[in-house]
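What follows is the residue order along each chain.
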Amino acid sequence: MEKKNIDWENLDFGYRQTDKRFVANYKDGAWDEGTLTEDANIVLNECAGVLQYAQTVFEGLKAYTTVDGKVVIFRPDLNASRMADSARRLEMPVYPEDKFIEAVEKTVKANFAYVPPYGTGATLYIRPYMFGSSPVIGVKPAQEYQFRVLTTPVGPYFKGGVKPLTIRVTDFDRAAPHGTGHIKAGLNYAMSLHAIVTAHEEGYAENMYLDAATRTKVEETGGANFLFVTKDNKIVTPKSDSILPSITRRSLMYVAEHYLGLEVEQREVYLDEVPNFVECGLCGTAAVISPIGKIVDHGREICFASGMDEMGPVLSKLRETLVDIQEGRIEAPEGWIHVIE
Ligand SMILES: *Cc1c(COP(=O)(O)O)cnc(C)c1O
């Protein structure tokens, strides 16, 4: 299919409307078949559950072109099951996991012209989401829901090279113990906006959130999990029930162990021990890994040995290996690469 005339290398991470999106409706206790539509707008009742009580969850993944010209998505089964977990926690009906993958496939196929060519670094970002659509005024779950999948082409995450970030330890909390930190819900982002806007105003790229109960342990940022590297090249990632289980992080831990032969450990990480690590990075779908050069904790600077000029050698190798797997230059573990044909 002919590609759209887009300057792929210079796209930013913003919304650009594409031709088609998928919509399915839940009513009287059942999901309908769903369909593709050209209408990018949604008309909702003024009292819809999502508008009054924020009953909405989402996912994020990407379609891209591999070295042999195939259009693929990465481990969509994990997005499907994570969205099911998110929905259950907010008393929403689960969109069936097999149907989720079908809906993503249909939407990507319908927007094939927007899947960036191989080698541009750009991707077609895919956003599945669902929300309570029927009116709710007394506090309870909505009766009706809508599931949608939209796509938007986005540019390479690191234009002109990867530069390490400076982040701060924030006094705001992201998620309470036994709260909703482990699900991908809009509500976790609404409350993070003030923290991120003030972090940016003070010159920091992101916030490091600590555990809300003791404020001694590392959780994550607003939208990415942490990875640390020890002096003897072990990969460490924080363990907590209030961290969002990043698919990128789970994939990187597997790659570190099985492709690079590194020791990996998921455990509680205390802020006090962070200065002992030699590399630090953030992981998520968009950037895979973004390096952290410096963490500022109320004036105290924690500077990693990898410095402020480039990503450290261990995280660089790890990122490169996962990207090689994703783009088809290295053989992927069974089931990781889902071809759209
Ligand atoms: C989406 C998200 C991540 C990253 O998850 P991936 O599946 O790797 O994209 C990390 N933290 C939070 C809070 C998130 O919402």
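Residue positions within a chain follow its written sequence, with the count starting from 1. The model is predicted, so local features are restricted to residues of pLDDT at least 70 and side-chain atom pairs to those at 80 or more, both for listing and for counting; the totals for chains, interfaces and linings are taken over all residues. Side-chain figures throughout are based on the complete set of non-hydrogen atoms in the structure, without hydrogens or water.

Let's talk about a negative patch on the surface
Applicable threshold: Residues enter patches when their relative accessible area tops 30% and they take part in no salt bridge; the joining distance is 9 Å for like charges and 5 Å for the nonpolar side chains Val, Leu, Ile, Met, Phe, Trp and Tyr. Note on areas: Shrake-Rupley with a 1.4 Å probe; residue coverage comes only from the protein chains shown. A side-chain nitrogen of Lys or Arg and a carboxyl oxygen of Asp or Glu constitute a salt bridge if their distance falls within 4 Å. Charge counting treats Lys and Arg as positive and Asp and Glu as negative, with His and both chain ends excluded. By convention, the point assigned to a charge is CZ for Arg, NZ for Lys, CD for Glu and CG for Asp. Runs of E in the DSSP output that reach at least two residues are strands. Runs of H or I that reach at least four are helices, and both are numbered from the N terminus. Here's how the labels work: a residue is buried when its accessible area is under 20% of the maximum for its type, exposed when over 50%, partly exposed in between, all with a 1.4 Å probe on protein chains only.
On the surface, Asp77, Glu97, Asp98 and Glu102 cluster together into a negatively charged patch. Per element, the largest residue contribution to the negative patch is 3 residues, and it comes from helix α3 (residues 97-110). Take Asp77: it is sitting in helix α2 (residues 76-89). Judged by relative accessible area, Asp77 falls into the partly exposed class, the value being 37%.

Here's the deal with empty space enclosed by the protein
For clarity, the cut-off: The definitions used throughout rest on a 1 Å grid laid over the protein atoms alone, on which a cavity is an enclosed set of points accommodating a 1.4 Å probe that cannot get out and a pocket is an open set flanked by protein within 12 Å on both sides along at least five of seven lines; lining residues are those having an atom within 4 Å of a point. Grid points are joined across faces, edges and corners, and a volume is the space filled by probe spheres set on the points.
Across all of its chains, the model carries 2 cavities of 30 Å³ or more by this definition. In this structure, the largest cavity spans a volume of roughly 110 Å³. Gly60, Leu61, Lys62, Phe74, Asn79, Ile247, Thr248, Gly284, Thr285, Val288 and Gln326 together form the lining of the largest cavity. At the level of secondary structure, the elements contributing two or more residues to the lining of the largest cavity comprise β5 (61-65) and α6 (247-258).

Points about the layout of surface pockets
So the rule is basically this: Gly falls in the polar group here, along with every residue not listed as nonpolar (Ala, Val, Leu, Ile, Met, Phe, Trp, Tyr, Cys, Pro) or charged (Asp, Glu, Lys, Arg). Residue ranges assigned to the domains are those given by an automatic or database domain assignment.
As a volume, the largest pocket reaches approximately 920 Å³. Surrounding the largest pocket, 40 residues form its lining, Tyr189, Gly222, Gly223, Ala224 and Ala286 being those nearest its centre. Mapped onto the lining of the largest pocket, the elements with two or more residues apiece are β7 (123-132), α4 (186-190), α5 (193-201), α6 and β14 (279-284). Looking at the lining of the largest pocket, its residues break down into 19 nonpolar, 15 polar and 6 charged. The residue makeup of the lining of the largest pocket includes at least three contributed by each of domain 1 (8-154) and domain 2 (165-324). Counted as a void, the second largest pocket has a volume near 470 Å³.

Things to note about the domain arrangement of the protein
The test is simple: Throughout, buried area stands for the accessible area (probe radius 1.4 Å) lost by two parts on being put together, summed over both. A 3.5 Å cut-off defines polar contacts: any pair of N or O atoms within that distance qualifies, except that in protein one atom must be a possible hydrogen donor and the other a possible acceptor, and neighbouring residues in sequence count only when both atoms are side-chain atoms.
Domains assigned within the protein are domain 1 (8-154) and domain 2 (165-324). For domain 1 versus domain 2, the separation of C-alpha centres amounts to 26 Å. Surface buried jointly by domain 1 and domain 2 totals about 1,500 Å² across both partners, of which 66% is contributed by carbon and sulfur atoms. Considering only the side of domain 1, the residues that lose the most area to domain 2 are Phe58, Arg82 and Arg89, jointly responsible for 40% of the buried surface there. Summed over the shared surface of domain 1 and domain 2, the number is 0 salt bridges. Put simply, domain 1 and domain 2 have 6 residue pairs in polar contact (both at pLDDT 80 or more) between them. Of all the elements in the fold, those that place two or more residues in the side of domain 1 that touches domain 2 are β4 (56-58), β5 and α2.

A word on the site of the ligand
Selection rule: One heavy atom within 4 Å of a molecule or strand is enough for the residue carrying it to be called near that molecule or strand. Assignment of a molecule to a cavity or pocket requires that more than half of its atoms lie within 2 Å of the corresponding grid points.
Close contacts around the ligand come from 15 residues, with Lys184, Tyr189, Ser246, Thr248 and Thr285 the closest. The contact in question runs from a nitrogen atom of the ligand to an N or O atom on the backbone of Ala224, over 3.4 Å. Out of a free accessible area of 390 Å², the ligand has 96% covered by protein chains. Among the detected pockets, the ligand sits in the largest pocket. Class assignment for the residues of the shell around the ligand results in 4 nonpolar, 7 polar and 4 charged.

So, the packing of aromatic side chains
Defined as follows: Working definition: a ring pair exists when centres of Phe, Tyr or Trp rings (six-membered ring for Trp) sit within 6.5 Å. Plane angles under 30 degrees give stacked, over 60 give edge-to-face, the rest tilted.
Under the definition given, this model contains 13 aromatic pairs. Taken together, a centroid distance of 3.8 Å and an interplanar angle of 5 degrees make the contact between Tyr95 and Phe147 stacked. Taken together, the positions of Tyr95 in the loop between α2 and α3 and Phe147 in strand β8 (residues 145-154) put the pair 52 residues apart, joining distant regions of the chain. Per residue, the accessibility class of Tyr95 equals that of Phe147, and both read buried. Considering the side-chain rings of Phe228 and Phe277, the 4.6 Å spacing of their centres and the 20 degrees angle between planes classify their relative orientation as stacked. Of this pair, Phe228 sits in strand β11 (residues 225-229) while Phe277 sits in the loop between β13 (264-267) and β14, and the two are 49 residues apart along the sequence. Looking at Phe277, the relative accessible area reads 4%, which means it is buried. Each member of the aromatic cluster is reached from another via a ring pair, and the members are Phe22, Tyr26, Trp31, Tyr95, Phe100, Tyr145 and Phe147.

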